[in-house]
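# Report on the structure
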Amino acid sequence: MTASLSPAARRAKDRPSPLTTGHATVVRTERLTPGVQRIVFSGPDLARLPDEEPGEIITLIWPADGADRPTLPTDGWRYAPGTPDQHWRNYTVRDHVADGPDGPLLTVDFVLHGDHGFCARWAAAARPGDVLGFAGPRIHFYAEPDADWTLLVGDETGLPSIAATLERLPSGHPTLAFVEVADAAELQELSTEADLVIEWVTRDGEPAGRSRRLEQAVRAASLPTGTPKVWVAGESLAVRGIREHLKGERGLPIGPQQAIGYWKHRDTPDDVE
Ligand SMILES: Cc1cc2nc3c(=O)[nH]c(=O)nc-3n(C[C@H](O)[C@H](O)[C@H](O)COP(=O)(O)OP(=O)(O)OC[C@H]3O[C@@H](n4cnc5c(N)ncnc54)[C@H](O)[C@@H]3O)c2cc1C
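Described in the following lines is the structure provided in the data block. (Residues numbered from 1 in each chain as written. Predicted model: local features only at pLDDT ≥ 70, side-chain atom pairs only at ≥ 80, totals over all residues. Heavy atoms only, no water.)

## Here we look at the layout of surface pockets
The space that makes up the largest pocket amounts to roughly 1,200 Å³. Breaking the lining of the largest pocket down by element, the ones donating at least two residues are β4 (88-92), β6 (103-111), α2 (118-125) and β12 (259-263). Top contributing element to the lining of the largest pocket by residue count: β4, with five residues. Here the residues of the lining of the largest pocket sort into 17 nonpolar, 11 polar and nine charged. Taken as a whole, the second largest pocket holds about 290 Å³ of empty space. Along the wall of the second largest pocket there are 15 residues; nearest its centre are Ala9, Ala12, Lys13, Arg138 and Ile139. Secondary-structure elements contributing two or more residues to the lining of the second largest pocket are α1 (7-12) and β7 (131-138). Of the residues that constitute the lining of the second largest pocket, the class distribution is nine nonpolar, three polar and three charged. (1 Å grid on protein atoms, 1.4 Å probe; cavity = no way out; pocket = protein on both sides within 12 Å on 5 of 7 lines; lining within 4 Å. Points joined across faces, edges and corners; volume = space filled by probe spheres on them. Helix = DSSP H or I, 4+ residues; strand = E, 2+ residues; numbered from the N terminus. Nonpolar A, V, L, I, M, F, W, Y, C, P; charged D, E, K, R; others polar.)

## With respect to the sheet that holds strand β11 (residues 228-235)
Strand pairing within a sheet occurs via backbone hydrogen bonds; the two strands may be parallel or antiparallel. The strand order β10-β9-β8-β11-β12 describes an open sheet built from five strands, whose pairing is parallel. On the outer flanks of this sheet lie β10 (195-202) and β12, each paired with one strand and no other. Averaged over all pairs of adjacent strands, the angle between their axes in this sheet comes to 10 degrees, without regard to strand direction. Both strand β8 (residues 149-154) and strand β9 (residues 174-181) contribute to a ladder of five bridges, which runs parallel. From the neighbouring strand, valine 153 faces β9, where its bridge partner is phenylalanine 178. Set on the sheet, helix α3 (residues 159-168) makes contact with β8, β9, β10 and β11; between it and β8 the angle comes to about 155 degrees. (Pairing = 2+ DSSP bridges. Axes fitted to C-alpha atoms, helices over the stretch in contact; angles between N-to-C directions. Contact = heavy atoms within 4.5 Å.)

## Remarks on the sheet that holds strand β2 (residues 36-42)
Within the open sheet, the seven strands sit side by side as β4-β3-β7-β1-β2-β6-β5. Their pairing is antiparallel. One side of each edge strand has no neighbouring strand; the edge strands of this open sheet are β4 and β5 (95-100). Here the average twist between neighbouring strands, direction ignored, is 35 degrees. For strand β3 (residues 57-61) and β4, the ladder comprises five bridges, and the chain directions are antiparallel. Bridge pairing links leucine 60 to arginine 89 in β4. Sheet contacts for α2: β1 (20-33), β2, β4, β6 and β7; angle to β2, the most-contacted strand, approximately 75 degrees.

## Thoughts on the packing of aromatic side chains
On inspection of all chains with the given rule, the structure shows seven aromatic pairs. Measuring from ring centre to ring centre gives 6.5 Å for tryptophan 62 and tyrosine 91, while their planes differ by 65 degrees; the resulting arrangement is edge-to-face. You can see tryptophan 62 sitting in the loop between β3 and β4 and its partner tyrosine 91 sitting in strand β4, a full 29 residues away along the chain. Site record: aromatic cluster; members linked through ring pairs are Phe41, Trp62, Tyr91, Phe110, Phe118 and Trp122. Between lysine 229 and the ring centre of phenylalanine 141, over which it is positioned, the NZ or CZ distance is 4.8 Å. Over the ring of tyrosine 142 we find lysine 229; its NZ or CZ atom is 3.7 Å from the centre of that ring. (Phe/Tyr/Trp six-rings, centres within 6.5 Å; stacked < 30°, edge-to-face > 60°. Lys NZ or Arg CZ within 6 Å of the ring centre and 35° of its normal.)

Function-wise, these values are silent; they only describe arrangement.
Here is the structure:
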């Protein structure tokens with residue numbers, strides 16, 4: 001790993017967790033691709049999210065059965081005694097505007113992975129006026145100004161962070177990205193000033209989380225020389241394969257925060273992070 005963290009990452013190391021909590025109201029939804037629902041939230045509490053690194057982690061909290069609004073944690077991540085069970089999951093800040101003409105806005109891209117997922121089901125049916133809770137954010141990708149080049153690898157759950165990161169990489173920065181999606185209809189237009197070479201890997205009928213095509217694409221790649229900033233996210237077992245390849249055969253420096261399981265296939269063993 002290169003030594004220098006960005007100022008935002010250094011500040012974030014010692015701050016309270018979660019940094020802030022609040023409520024966010026759906027203002028619009030957009031079917032970005034057949035399998036991704038973009039949801040834009042607004043609300044005054046979103047003004048408290050800081051503007052720091054791209055693709056940060058935000059914990060979203062859904063109301064308990066029968067409730068209109070979720071209860072927020074009050075003591076760190078703890079809830080008041082008697083708070084009913086609420087569904088929560090981590091998502092990515094695809095975009096955040098603290099003080100635009102329409103007030104504070106948060107954009108999250110939800111993968112519609114099927115009826116078996118609470119969040120996926122909710123996202124497919126979300127309507128303006130729906131209210132979620134949030135807690136965070138936490139920095140995940142952090143810029144390393146000394147990196148000679150950047151490697152970004154992810155499935156569709158990592159794509160929101162990859163897309164947000166690409167928008168902030170410096171002009172001309174050599175960048176290689178590998179993104180796995182279901183099929184060609186899931187490809188997205190990504191905007192960047194970096195010197196980007198991107199390889200889209202399609203599963204074409206193979207189940208999400210059980211394809212090894214992303215790892216195979218990374219294994220087959222010819223990587224630049226120099227020290228890279230590496231960032232990998234996706235299904236836990238798939239991420240483990242890629243992490244081990246990059247650390248082992250490629251000898252790349254990869255810390256624990258740089259290759260993260262974002263979700264777990266039901267057949268992935270519990271001890272795979
Ligand atoms: C830091 C972080 C950031 C994330 N950012 C995003 C993001 O921006 N957008 C996004 O869509 N997801 C993101 N995820 C992944 C998301 O949190 C998980 O996919 C989550 O499990 C979805 O919750 P759920 O309630 O729909 O399904 P769960 O109740 O968690 O799972 C139900 C079933 O669905 C399966 N499943 C879960 N996710 C998927 C999937 N993607 N494809 C296929 N099957 C799946 C599980 O294996 C399980 O069998 C992120 C995860 C992390 C840790």
